[in-house]
Amino acid sequence: QLQFVESGGGLVQPGGSLKLSCTAPGFNLDPYAIGWFRQAPGKALMGVLCIERDNQITHYGDSAKGRFTIYRENAKNTVYLQMTSLKPEDTATYYCMLNEIRCPAPGQKVDHWGQGTQVTVSS
C-alpha cells in the first residue's frame, strides 16, 4: 500500500524559502512521475511542478517559474519542492502525487495523492 510522507510545510514570511519533501517508506519512487499540486482556500486544486521518470520537468502555468524547483534524490527515495521568494498567494495546502506513466495533463486523473502539507506565507 503506497503511503506518502510529506513534510517541510509551515509558516514563512514573504520572500522566504521552504523545501517540501515527499517520500514513501517501503515504496521505490524512482520509476514514477512525481509532482506537487496545491489548493488555496476557496480555490481549485492546481498543478505546481512534476518530474517525469526520465527527470524531465512538467510546469503547470507560470506561478512557480523562476521561484520553485523540483528534483529527486534517489538515494533518499525523496522528491523535493524547493520554494524561494515566497508570496502570500503561495499560501495553500501542497499535495504530493504519483502517476505510474507520465505527469498528468491539466484535468487528467492522478493515480495516487498524499495527505498534504500546509504552507502559509504571511508577515
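Refer to the structure presented above.
So, here is what we can say about the structure in this document. (Residues numbered from 1 in each chain as written. Predicted model: local features only at pLDDT ≥ 70, side-chain atom pairs only at ≥ 80, totals over all residues. Heavy atoms only, no water.)

The next thing to look at is the packing of aromatic side chains. Here the structure, examined in full by the defined rule, presents 5 aromatic pairs. On the numbers, 5.4 Å between centres and 25 degrees between planes, the contact of F27 with Y32 is stacked. Residue F27 is classed as partly exposed on the basis of its relative accessible area of 26%. We classify Y32 as partly exposed; its relative accessible area is 21%. Taken together, the ring pairs in this structure connect F37, Y60, Y95 and W113 into an aromatic cluster. Note that K19 overlies the ring of Y80, its terminal NZ or CZ placed 4.7 Å from the centroid. (Phe/Tyr/Trp six-rings, centres within 6.5 Å; stacked < 30°, edge-to-face > 60°. Buried < 20%, exposed > 50% of the residue type's maximum accessible area, 1.4 Å probe, protein only. Lys NZ or Arg CZ within 6 Å of the ring centre and 35° of its normal.)

This paragraph deals with the pairing of strand β9 (residues 92–99). The element β9 is largely enclosed, with a buried count of 8 among its 8 residues. Residues A92, Y94, C96 and L98 of β9 are buried on one face, and the alternating residues T93, Y95, M97 and N99, pointing to the opposite face, are buried as well. Bridge analysis of strand β4 (residues 33–39) against β9 gives 7 bridges, and the strand direction is antiparallel. Of the residues in β9, the one forming a bridge with I34 is L98. (Helix = DSSP H or I, 4+ residues; strand = E, 2+ residues; numbered from the N terminus. Pairing = 2+ DSSP bridges.)

Turning to the sheet that holds strand β3 (residues 18–23), a few remarks are in order. In spatial order, the strands read β1-β3-β8-β7; together these 4 strands make up an open sheet with antiparallel pairing. Edge positions in the sheet fall to β1 (5–7) and β7 (68–73), since each has one partner strand and no second. Looking at each pair of strands side by side, their axes are set apart by 15 degrees on average, direction ignored. With 6 bridges joining them, β3 and strand β8 (residues 78–83) adopt antiparallel strand pairing. The partner of T23 across the bridge, within β8, is T78. (Axes fitted to C-alpha atoms, helices over the stretch in contact; angles between N-to-C directions.)

Here we take up the side chain of D90. Summarising the element assignment, D90 is placed in the loop between β8 and β9. Polar side-chain contacts of D90 include one of 2.9 Å to the side chain of R38. Separated by 2.8 Å, the side chain of D90 and the backbone nitrogen of K87 make a polar contact. Contacts of D90, omitting those with residues within four sequence positions, involve R38, R67, F68, S85, V119 and V121. (Polar contact = N/O pair within 3.5 Å; in protein donor to acceptor, adjacent residues only side chain to side chain. Contact = heavy atoms within 4.5 Å.)

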